[in-house]
Amino acid sequence: MPEQIRYLATALTGIDAMSAVTARAYPRHVHDQYGIGVVDAGGHASASDRRQVEAGPGQLIFVNPGEVHDGRAIGGRPRAWRMLYLDPQWVDQARSQIADGARRPLTFAAAVFGDERVRRVFESAYAVLTGSAAISGSAAAMARETALLRLLAASDVNATTPARAAAGATAPVRRARDRIEAEPAAELSLAELSAEAGVSRYQLIRGFAREFGLTPHAYIVQRRIALARRLIRLGHSAADAALQAGFCDQSHLNRCFVRQFGVTPNRYARRLG
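Residues numbered from 1 in each chain as written. Predicted model: local features only at pLDDT ≥ 70, side-chain atom pairs only at ≥ 80, totals over all residues. Heavy atoms only, no water.

Draft legend 1. Structural view of the pairing of strand 5 (residues 44-47). Taking every second residue as pointing to the same face, both faces of strand 5 are buried, with His-44 and Ser-46 on one and Ala-45 and Ala-47 on the other. Pairing analysis gives four bridges linking strand 5 to strand 6 (residues 52-55), with the strands arranged antiparallel. Across the sheet, Ala-45 pairs through a bridge with Glu-54, a residue of strand 6. Note that strand 5 and strand 8 (residues 69-73) share two bridges and pair antiparallel. Directly across from Ala-45, in strand 8, lies its bridge partner Arg-72. (Buried < 20%, exposed > 50% of the residue type's maximum accessible area, 1.4 Å probe, protein only. Helix = DSSP H or I, 4+ residues; strand = E, 2+ residues; numbered from the N terminus. Pairing = 2+ DSSP bridges.)

Draft legend 2. Broad picture of the environment of Gly-246. By the secondary structure assignment, Gly-246 is in the loop between helix 8 (238-245) and helix 9 (250-261). Using a relative accessible area of 15% as the deciding quantity, one classes Gly-246 as buried. A sequence separation of 21 residues divides Gly-246 from Ile-225, and the C-alpha atoms of the two residues are 9.3 Å apart. Dropping the residues within four chain positions of it, Gly-246 is found in contact with Ala-185, Glu-187 and Arg-224. (Contact = heavy atoms within 4.5 Å.)

Draft legend 3. Structural detail: the sheet that holds strand 5. Spatially, four strands are ordered 3-8-5-6 in an open sheet, and the strand pairing comes out antiparallel. Only two strands of the sheet have a single partner each, and these edge strands are strand 3 (26-29) and strand 6. The sheet shows a mean angle of 20° between the axes of neighbouring strands, taken without regard to direction. (Axes fitted to C-alpha atoms, helices over the stretch in contact; angles between N-to-C directions.)

Draft legend 4. Molecular detail of helix 9. In a regular helix each residue adds 1.5 Å, so 12 residues correspond to 16 Å; helix 9 covers 16 Å between its end C-alpha atoms and thus fits that length. Buried within helix 9 we find Leu-253, Cys-256, Phe-257, Gln-260 and Phe-261. Looking down the long axis of helix 9, one finds its buried residues gathered within 105° of arc, a one-sided arrangement. Residues of helix 9 that are buried make contact with strand 1 (4-9), strand 3, helix 7 (216-233), helix 8 and helix 10 (265-270). (Expected span 1.5 Å × (residues − 1). Arc of directions from axis to C-beta.)

Draft legend 5. Highlighting the confidence of the model for the protein. Across the protein, pLDDT averages 88, with 90% of residues at or above 70. Contacts of residues 162-167 to residues separated by more than four positions or lying in other chains number 11 contacts, the stretch itself having pLDDT below 50. (pLDDT = per-residue confidence, 0-100.)

Draft legend 6. The arrangement of the environment of Ala-153 in detail. Among the secondary structure elements, Ala-153 is positioned in helix 3 (residues 138-155). Sequence separation between Ala-153 and Ala-94 is 59 residues, and the spatial gap between their C-alpha atoms is 9.3 Å.

Draft legend 7. Looking closely at the packing of helix 7 against helix 8. One way to put it is that helix 7 packs onto helix 8 with a least axis distance of 9 Å and a crossing angle of 140°. Between helix 7 and helix 8, the angle falls in the class oblique. For the pair helix 7 and helix 8, the sense of crossing is right-handed. Along its contact with helix 7, which presents Arg-224, Leu-227, Ala-228, Leu-231 and Ile-232, the element helix 8 presents Ala-241, Gln-244 and Ala-245. Of the residues that constitute the contact of helix 7 with helix 8, the class distribution is six nonpolar, one polar and one charged. (Parallel < 35°, antiparallel > 145°, perpendicular 65-115°, else oblique. Left-handed = near helix turned anticlockwise from the far one by under 90°. Nonpolar A, V, L, I, M, F, W, Y, C, P; charged D, E, K, R; others polar.)

Draft legend 8. A look at the packing of helix 4 (residues 171-182) against helix 7. Look at helix 4 against helix 7: their axes get within 10 Å of each other, and the N-to-C directions meet at 30°. Taken together, helix 4 and helix 7 sit at an angle that is classed as roughly parallel. The interaxial crossing formed by helix 4 with helix 7 has right-handed handedness. Mapping the contact onto sequence places Arg-177, Ile-180 and Glu-181 in helix 4 and Pro-216, Tyr-219, Ile-220 and Arg-223 in helix 7. Each residue belonging to the contact of helix 4 with helix 7 can be placed in one class, and the counts come to four nonpolar, no polar and three charged.

Structure (structure tokens):
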């Protein structure tokens, strides 16, 4: 199978679709969106803050926002999978409709999940959102929203509450993380962050790695990638997004973006794969 990684824009703001056929290994990273997908062929392995998991054809993949994970092909052979990525704001609003106004925080319990009904609902939602389903005109908008609401409702079988314990990070690490979140593009030194946290530089590195699975530097890079991606989705050029997100130049953003998403920022912007 030749490598192919495609990101597809959908007509719903805050929703992206992706399809991939690749043997590429992805380093530890995070998404700022929920991810729901299915493995179509081959085997996919991932280690996250939940545990080491493997997924085969027909199995569903779930990712929570902020969940540190990696990804690799089992046996080095290409695997194929498709994903829908949903902004947390959209999910919160949608779930308030599903739950008649109740706003329960969503956390997927299992990174890999087998459920034939959920898989069928995913297939329907993916087809409608990517345009492969034959729906046009005024019915299309309703079909898209209906398909996603059905997918969220069906995925509730793999949901757990309350939210993950990562939100309960120790106070020093939380202060440093909040500083990064407030200004991901800022030039922050380890000394500044450790002073903000009230601990030594080594204690901060150790605490960050223990509680988030990343060093402070790696976490900053992840937040900058997320900021750059949001800017690109808003129509900014890759060069402008790199500058605003705190990268030294577009080449630096390109290298980080390809490692995480498998495509360059410009290819992502075109959403053509």
